[in-house]
Amino acid sequence: MAQFDDLDRLEVLTVVTGQLVNETPLRIGVGREPPLGSAVDAAPITIRFADGRSSPYIPGSSLKGVLRSLAETMVRSQGKEVHSPWDFNKIEAEAEDGNYCVICGIFGSTRLASHVRVYDAYPETEAITFVKTSVGINREFGGSAPNILYTEQQVVPHVRWGFRMDIVNIRVFPKPLDERGELLNRLIGMLVDGMVQVGARKTLGYGRLRLDKGSYRVYEVEDGRLVKKAEGGVG
């Protein structure tokens, strides 16, 4: 029986870093309503830095959610059952017997902390944006709806964003040691291959990310301090 409730101690910490490159336009929205005073109908989420600059960024929660969804899809493709993250009865049953599913064992649940931390990704090159005007679609007739125009602000392709993921107590590199490590290894490989999308307009190919210059560092605890045990490139 797999025991994943081991976050009361630190056995191994893997830090994966690199640069995310959006190969296609990118917009992670701020919700249904644009910010007050916005010149567009759909604006990207932004952050204000200490020097007063504002810039779009990729929230770690958005990227982690996409990775979890991909992981669920991959597990289902193996013919295995995957419960909803809101199936509280199943979650309580897992917590009661300590036998968590592989997805909860990586990304957590309401009863188990996540073994993965995905940090916000801030631009390392200027995140230039452009505005696209689109038309509304009449779903009943399958054509454009008259007099419905809206504008979207998108980040141009090929912006570089700093990436960091921490993996706690799951051995992924240099070689996975269990099902969770193998699944995370495949997810990181999909990032390297540019097969992960985040944000709006995915059906149009927007938000496709590629992990460039990816590397890992593996630490273990010795004599009360973290000691680097391995490092290398990913992909």
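Just above, that's the structure.
The structure reproduced in this document is the subject of the present report.

1. A few points about the pairing of strand E9 (residues 208–222)
On a regular strand, each side chain points to the face opposite its neighbour's, so the side chains alternate between the two faces of the sheet.
Thought 1: Here strand E1 (residues 12–22) pairs with E9 via 10 bridges, running antiparallel. Bridging across to E9, Val 16 finds its partner in Tyr 216.
Thought 2: Inspection of the sheet shows strand E8 (residues 196–197) paired to E9 by 2 bridges, in the antiparallel sense. Looking at the pairing, Val 196 lines up with Leu 209 of E9.
Thought 3: Where E9 and strand E10 (residues 225–233) come together, 8 bridges link them in antiparallel fashion. Among the inter-strand pairings, Ser 215 is bridged to a residue of E10, identified as Gly 233.
Thought 4: Hairpin connection between E9 and E10: a loop of 2 residues separates the two successive antiparallel strands, and Asp 223 in this loop has a positive phi of roughly 55°.

2. Quick word on the packing of aromatic side chains
Thought 1: Evaluation of the coordinates by the stated rule reveals 4 aromatic pairs.
Thought 2: An angle of 10° between the planes, with centres 4.5 Å apart, marks the rings of Phe 173 and Tyr 216 as stacked. Here Phe 173 is found in the loop between strand E7 (160–168) and helix H4 (179–192), whereas its partner Tyr 216 is found in strand E9, with 43 residues between them in sequence. Tyr 216 matches Phe 173 in its accessibility class, with the two residues each being buried.
Thought 3: Ring-pair connections join several aromatic residues into one group, and the members of that group are Phe 49, Tyr 57 and Tyr 122.
Thought 4: For Arg 180, the ring lying beneath its charged end belongs to Phe 4, and the centroid distance is 3.9 Å.

3. Thoughts on the pairing of E7
Thought 1: Burial analysis of E7 places 7 of its 9 residues in the buried class, the great majority of the element.
Thought 2: The pairing of E1 with E7 spans 9 bridges and is antiparallel. If you follow Thr 14 over to E7, its bridge partner there is Ile 167.
Thought 3: Examined bridge by bridge, strand E4 (residues 116–118) and E7 share 3 bridges and lie antiparallel to one another. Bridge pairing in E7 places Arg 117 opposite Asp 166.

4. Side note on the pattern of salt bridges
Thought 1: Within this structure, the stated rule accounts for 17 salt bridges.
Thought 2: As a salt-bridge pair, Glu 152 and Arg 27 come within 3.1 Å of each other at their nearest N and O atoms. Within this pair, whereas Glu 152 is found in strand E6 (residues 143–155), its partner Arg 27 is found in the loop between E1 and strand E2 (46–48), the two being separated by 125 residues in sequence.
Thought 3: A residue is classified by how much of its surface remains accessible, and Glu 152, at 2% relative accessible area, is buried.
Thought 4: Taking the relative accessible area as the measure of exposure, Arg 27 reaches 12% and is therefore buried.
Thought 5: It is possible to trace a salt-bridge network through shared partners that takes in Glu 23, Arg 160, Arg 210 and Asp 212.

5. What to know about the state of the cysteines
Thought 1: Summed over all chains, the structure comprises 0 disulfides.
Thought 2: The thiol of Cys 101 is not disulfide-bonded; the next cysteine sulfur, from Cys 104, is found 3.5 Å away.

6. Considering helix H2 (residues 88–97)
Thought 1: The complete set of buried residues in H2 reads Ile 91, Glu 94 and Ala 95. Across the axial projection of H2, the buried residues extend over an arc of 95°, all falling on one side. The exposed set on the far side of H2, more than 90 degrees from its buried face, consists of Asn 89 and Glu 96.
Thought 2: Summarising the contacts, the buried residues of H2 are in contact with helix H3 (102–107).

Rules behind the numbers
- Residues numbered from 1 in each chain as written.
- Predicted model: local features only at pLDDT ≥ 70, side-chain atom pairs only at ≥ 80, totals over all residues.
- Heavy atoms only, no water.
- Pairing = 2+ DSSP bridges.
- Helix = DSSP H or I, 4+ residues; strand = E, 2+ residues; numbered from the N terminus.
- Phe/Tyr/Trp six-rings, centres within 6.5 Å; stacked < 30°, edge-to-face > 60°.
- Buried < 20%, exposed > 50% of the residue type's maximum accessible area, 1.4 Å probe, protein only.
- Lys NZ or Arg CZ within 6 Å of the ring centre and 35° of its normal.
- Salt bridge = Lys/Arg side-chain N within 4 Å of Asp/Glu carboxyl O.
- Disulfide = S-S within 2.5 Å.
- Arc of directions from axis to C-beta.
- Contact = heavy atoms within 4.5 Å.

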